[in-house]
Amino acid sequence: MKTTGTRRRAGSAISDKAIILEHVSKAYTAGVPALNDVTLHINKGEFVFIVGDSGSGKSTLIKLLLRELLPTSGRVIVNGTDVVRLRRRQIPKFRRSLGVVFQDFRLLKDRNVYENVAFAQRIIQMPNREIRRNVPSILSTVGLAGKYKARPKQLSGGEQQRVALARALVNKPQILLADEPTGNLDPKNSWDIMNLLEKINNNGTTVLVVTHNREIVNAMQKRVITMKKGIIVSDEEKGGYIDED
Amino acid sequence: MRINTLFYCIWQGIRNIFKNKWFTLASVATISACLFLFGLFYSILTNFQHMVKNAEQGLCVSALLDAGMSDERVAEIRGTLMRRTEVSEVEYVSAADTWAQFAEENNFGDISIFTENPLEDCAHFDIYLSDVSMQPALVSYLESVEGVRKVNQSFLTAQALTGVNAIIGYVSIGIIIILFLVSIFLISNTVSIGISVRKEEIQIMKYIGATDFFTRAPFVIEGMVIGLIGSFLPLIGVYFIYNEAMMYVAKRFPSLSQLLAFLPVETVFTNLIPVCIGLGVGIGFIGSFTTVRKHLSV
Ligand SMILES: Nc1ncnc2c1ncn2[C@@H]1O[C@H](COP(=O)(O)OP(=O)(O)OP(=O)(O)O)[C@@H](O)[C@H]1O
Ligand SMILES: [Mg+2]
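Residues numbered from 1 in each chain as written. Chains lettered and ligands numbered in written order. Predicted model: local features only at pLDDT ≥ 70, side-chain atom pairs only at ≥ 80, totals over all residues. Heavy atoms only, no water.

Participant: For the domain arrangement of chain A, give the residues involved together with the corresponding values.
Facilitator: Residues and elements named next belong to chain A. Segmenting chain A into domains produces domain 1 (1–97 + 173–245) and domain 2 (107–172). Here the C-alpha centre of domain 2 lies 25 Å away from the C-alpha centre of domain 1. Across the boundary between the two partners, domain 1 contributes twelve residues, which contact 13 residues of domain 2. Summing both partners gives a buried area of about 1,100 Å² for domain 1 against domain 2, and 72% of it is carried by carbon and sulfur. (Domains from an automatic or database assignment. Contact = heavy atoms within 4.5 Å. Buried area = accessible area lost by both parts, 1.4 Å probe.)

Participant: So what's going on with helix α1 (residues 3–19) of chain B? Which residues, and what values?
Facilitator: The α-helix winds at 3.6 residues per turn, so residues separated by three or four positions along the chain end up facing the same way. Counted at 1.5 Å a residue, the expected span for α1(B) with its 17 residues is 24 Å, and the 24 Å between its end C-alpha atoms agrees. If you check which residues of α1(B) are buried, you get B:Asn4, B:Thr5, B:Tyr8, B:Cys9, B:Gln12, B:Gly13, B:Asn16 and B:Ile17. (Helix = DSSP H or I, 4+ residues; strand = E, 2+ residues; numbered from the N terminus. Expected span 1.5 Å × (residues − 1). Buried < 20%, exposed > 50% of the residue type's maximum accessible area, 1.4 Å probe, protein only.)

Participant: So what's going on with the domain arrangement of chain B? Which residues, and what values?
Facilitator: The domains assigned to chain B are domain 1 (3–55 + 160–295) and domain 2 (60–153). Centre-to-centre, using C-alpha coordinates, domain 1 of chain B lies 51 Å away from domain 2 of chain B.

Participant: So, the site of ligand 1: which residues are in play, and what are the values?
Facilitator: Residue and element names in this part refer to chain A. Around ligand 1 lies a shell formed by Tyr28, Ala34, Asp53, Ser54, Gly55, Ser56, Gly57, Lys58, Ser59, Thr60, Glu180 and His212. The separation between an oxygen atom of ligand 1 and a polar main-chain atom of glycine 55 is 2.8 Å. Here lysine 58 contributes a side-chain N or O atom positioned 2.7 Å from an oxygen atom of ligand 1. In isolation ligand 1 offers 640 Å² of accessible surface; the protein chains occlude 57% of this area. (Near = heavy atom within 4 Å. Polar contact = N/O pair within 3.5 Å; in protein donor to acceptor, adjacent residues only side chain to side chain. Areas by Shrake-Rupley, 256 points an atom, 1.4 Å probe, with all protein chains shown as cover.)

Participant: How would you explain the packing of aromatic side chains if you had to name every residue and give the values?
Facilitator: In this structure the tally under the stated criterion is ten aromatic pairs over all chains. With 4.9 Å between their ring centres and 55° between their planes, A:Phe102 and B:Tyr207 make a pair best called tilted. One end of the pair, A:Phe102, is in strand β8 (residues 98–102); the other, B:Tyr207, is in helix α6 (residues 158–208), on a second chain. The pair formed by A:Phe102 and B:Tyr207 is uniform in burial state, with each residue classed as buried. A ring pair is formed by B:Tyr8 and B:Phe214, whose centres lie 5.9 Å apart and whose planes are at 15°; its orientation type is stacked. Pair noted here: B:Tyr8 is in helix α1 and B:Phe214 is in helix α7 (residues 212–252), with a separation of 206 residues, a long-range link. No difference in accessibility class separates B:Tyr8 from B:Phe214, as the two residues are buried. A network of ring pairs unites the aromatic residues A:Phe119, B:Tyr8 and B:Phe214 as a single cluster. Residue placement shows A:Arg106 over the ring face of A:Phe102; its charged tip is 3.8 Å from the ring centre. Between the NZ or CZ atom of A:Lys222 and the centre of the ring of A:Phe47, over which it lies, the distance is 5.2 Å. (Phe/Tyr/Trp six-rings, centres within 6.5 Å; stacked < 30°, edge-to-face > 60°. Lys NZ or Arg CZ within 6 Å of the ring centre and 35° of its normal.)

Take a look at the structure:
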C-alpha cells in the first residue's frame, strides 16, 4: 500500500500524481465492459473535465476512484494509495482524503445546512469547537452563510449543490470528484458552481469534473478527457467538447 | 473515541426515534407483544412450579405405630429414619396429640369431657421427604420396620408430581422456542421495512468516509432504546393482569386458595424485570445491528 519510488514515466514520480489508472477494465456483467483498458494519469493540482456519451463509463470511473467498485483488472492509485489493495476497514479513512459531489446532491434531508456540513467533520471526530469555526467559514466560501438553518427542501438546486460542495470541502480533501455537479442546474447556477470549483482548484485541490455541459467545457479551457464506450478517445490540454454528430 | 462523538451518536439515535415515528411505533408494538406473551407465560410457569413444589413439600408419609410403644423405641426408629437421605423431617405425633388435632379439625370443642382417648392406638410419625421420587422406597422400608403397624401415603402420589414437573419442563422449552422464533421473524420484518427508507442516508454517510461504527451506532442505539421501551409496556401490563388474576381467583375460588398458593408479584418480578429488559434491549440490538450491516457495503 505504500508508494514506492518507482518511476512510472520519465521524470514523473508517483508522488506527483493525484490519480493513476493503469490498464483498468471494469465489467459489471460478462460481456461488454464499462471500462476497457483505461490508462490515465492526473497530476496534483490539475483541473480535469471528463466528457462523453451517456453510458461511456464516466460514473464507473468515479466509482473506482471512490473504491465503491473494484476494477476487474488493472491498477488504481489515488493519492498514493493502491485502491485495489485497501482493506475494508481502511476504506473510510481513504475516502476522507476525497471530496465527492453528485448530480443529485445527496444531502441528509432531515438535517439543516449547518448539520449537513458539520456531519463530515463529526465523522473525522473534529472537536465541536473546531466545527463551530470551520463550518461557517466554508459556508461563506460557497456563499451560503445566511442559510445555515435551512433544510435541503427549502433550498434551490444551486444552493443544495453548494451545500454538498461545502460538505465535500470542509475536511480539506486533496482531490475533489464531481459527477455531473451541474446536471440539475440552470446555466447561471451551473456557472456559479464551476467558478467555485475553479476557485477551489486555485487553492491547490485536484479537481475532476464529469459533465455534459458543452458551453462551460469550451469556455474554461481546461484539460478535457473524452470517453466513448469505455475507452479514452481523446485527452487534450485546454481542450473542448468533442461533438459526436 | 472522543466523548464528543459518543454523545453525538447517542443524540442521533434518540432523534431517530422521534423522527421515524411509525417505525418506532411498529417496532415497540412488536417487541411489546412478544415480551407480553413471554411475561404472562413466565408468570404462569413460575407459579406452577411454585405450587408443585408446595405440594411436594406438603407430601408426607404417615407411619402408624403399635400402641403403647416405649419412648426409647420411638426415639430409635426416629433416629434411623432421620439418617435416610430422602427424609427431610420426621415428626412424632403422640396418641394424645393425634386426638387433640383431630378434635380441633372437626370442631369438637372442649375435649376434656372425654375420659378416654378414642385414638389410643394412633400414635404415628409424619415423615416429610426431600425427594418425592424416593417415596416408594421409603414406604417399603417403613413396612419392614418392627413396630410400624400401617403406612399411609398422601393421595397425591409422587409419580404424578414428578410427571407434572417433566411436562412443565417440556412445555416451557417448546413455548420459549416458538416465542423466540416469532419475535425474531417479526422484528427482522419491521426493521427491514424501516431500514429501506434510510438506505440512502447510510449510503451518503459511507461516501463521506464514515466508519461502519459511526454509521451504525445511531441505529443500534435507536434499536436498543426501542427495545427498552418495548419491554416496559408488557411489564406494566403483566403486573396488572397478575394482580387482577390473583384477586379474581381468591374471590371466586376461596376453597382453592390452599392449593393455588400464588407467588407474590414482587417475587416473580425480581426475575421478570431484568430478563424482560435484557430480552427487549437484546432483540433491539441484534435486530438493528444485523439489518444495518446488510447496507454497509457501499
Ligand atoms: N451497477 C451496474 N450494473 C450493470 N451495469 C452497469 C451498472 N452501472 C453501470 N452499468 C453499465 O456500465 C456502462 C457505463 O455506465 P456509467 O454509469 O459509467 O456511464 P456514464 O458515462 O456515467 O453515463 P451517464 O452520462 O449517463 O451518467 C453502461 O453501459 C451501464 O449500463
Ligand atoms: Mg454517470
